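Chain by chain, the residues run as shown.
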Amino acid sequence: GDLEHEVLRDTRNRTIRAVCGQRAMPRSVWDLAPGARRTVLRHLLVSDKYRFLYCYVPKVACSNWKRILKVLGGALESVDVKLKMDHRSDLVFLGDMKPNEIRYRLKNYYKFLFVRNPMERLLSAYRNKFGEIKEYQLRYGVEIARRYRKDGAQSAGDDVTFSEFLRYLLDEDAERMNEHWMPIYNLCQPCAVRYDFIGSYERLSADANYVLERVRSPPFVRFPERQPWYKPVTAETLHYYLCNTQRWLIKELLPKYILDFSLFAYPLPNVTSEFCRH
């Protein structure tokens with residue numbers, strides 16, 4: 001397992017260096033268009049006390065990382081405190097700082113992010129937002145049903161299918177997407193920001209605790225265990241959804257997320273007839 005992990009990390013590092021070394025790619029956040037720069041700076045959370053920057057990616061354990069930041073900052077007693085997560089209060093965002101403060105932290109602080117299989121992340125966002133959260137059903141679900149269904153005007157937004165969601169993503173501009181399904185590349189700009197560490201959702205606990213040791217957090221701060229009520233996306237669930245989606249839709253969508261697949265060394269989804277029969 002450790003050897004496999006080392007190979008994966010090496011592959012990621014080499015791919016990022018090769019892709020980001022191309023002439024057209026940004027070398028710093030100041031090379032980005034204003035909208036793209038605003039997005040990444042809004043997603044970089046700052047700990048001045050422990051001198052690190054964390055690029056949060058929704059649906060990749062970011063709520064637990066925000067809890068840790070609040071504990072490290074003294075706003076929360078423990079990561080195990082049972083309360084609804086406020087995703088803004090008691091957090092410091094790099095985007096709220098002045099250009100010289102931003103430059104200093106980007107140059108001198110330890111920088112990390114966590115990544116996840118792109119299709120798994122999309123499925124997790126779909127199940128959570130359209131299956132459980134009224135606000136998303138009304139804001140996005142109603143529009144998706146109206147746009148992609150003959151009788152969609154009657155929908156309350158709570159019955160959006162996975163295929164309809166993917167069709168919606170296909171028509172959306174990646175840079176303007178909601179953060180829960182925006183590609184990780186656009187959220188964290190790994191060419192413009194040189195991350196010291198890229199952790200995996202698949203090795204969440206081990207990678208998170210490695211980062212905590214690296215930034216010298218107090219020994220009592222450990223990455224929280226997964227909540228018992230949390231229903232993770234399993235390989236079987238992903239297989240079911242992908243194999244029940246029209247192949248052309250997945251094929252057309254891949255270019256939008258191709259940098260997430262390639263830079264972070266995730267295999268493209270297998271939706272061949274043979275794979276889907278099993």
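Rules of the game
Starting from 1, residues in each chain are numbered consecutively following that chain's sequence as written. The model is predicted, so local features are restricted to residues of pLDDT at least 70 and side-chain atom pairs to those at 80 or more, both for listing and for counting; the totals for chains, interfaces and linings are taken over all residues. Only hydrogens and water are set aside when side-chain values are computed; all heavy atoms of the structure are taken into account. UniProt positions are given in the numbering used here, feature names are shortened, and annotations may be inferred rather than shown by experiment. Throughout, exposure labels follow a simple rule: accessible area from a 1.4 Å probe, protein chains only, divided by the maximum for the residue type, with under 20% read as buried, over 50% as exposed, and the rest as partly exposed. Secondary structure elements are taken from DSSP: a helix is a run of H or I of four residues or more, a strand is a run of E of two residues or more, and numbering for both begins at the N terminus. Strands qualify as paired when DSSP identifies two bridges or more between them. Our working definition of a disulfide is a cysteine sulfur pair at a distance within 2.5 Å.

Under an unreviewed UniProt entry, the protein has the name Carbohydrate sulfotransferase and belongs to Eudromia elegans. Its UniProt record, at the heading Sequence similarities (unreviewed entry), says of the protein: "Belongs to the sulfotransferase 2 family." Word for word, the UniProt comment on the protein under Subcellular location (unreviewed entry) is "Golgi apparatus membrane".

(A) Quick look at the pairing of strand β4 (residues 197-200). Of the two faces of β4, the one holding F197 and G199 and the one holding I198 and S200 are both buried throughout. In the sheet, strand β3 (residues 110-115) pairs with β4 via 4 bridges, with the strands oriented parallel. Following the sheet pairing, F112 is matched in β4 by F197.

(B) Focus on the state of the cysteines. Taken as a whole and judged by the stated rule, the model has 3 disulfides. Across the disulfide, C55 is cross-linked to C188 (sulfur-sulfur distance 2.0 Å). Of note, the bridge from C55 to C188 carries an S-S torsion of about -95° and is left-handed in sense. Of this pair, C55 sits in strand β2 (residues 52-55) while C188 sits in helix α8 (residues 184-188), and the two are 133 residues apart along the sequence. For C55, a relative accessible area of 0% translates into the label buried. Disulfide pairing is shown between C243 and C276; the S-S distance is 2.0 Å.

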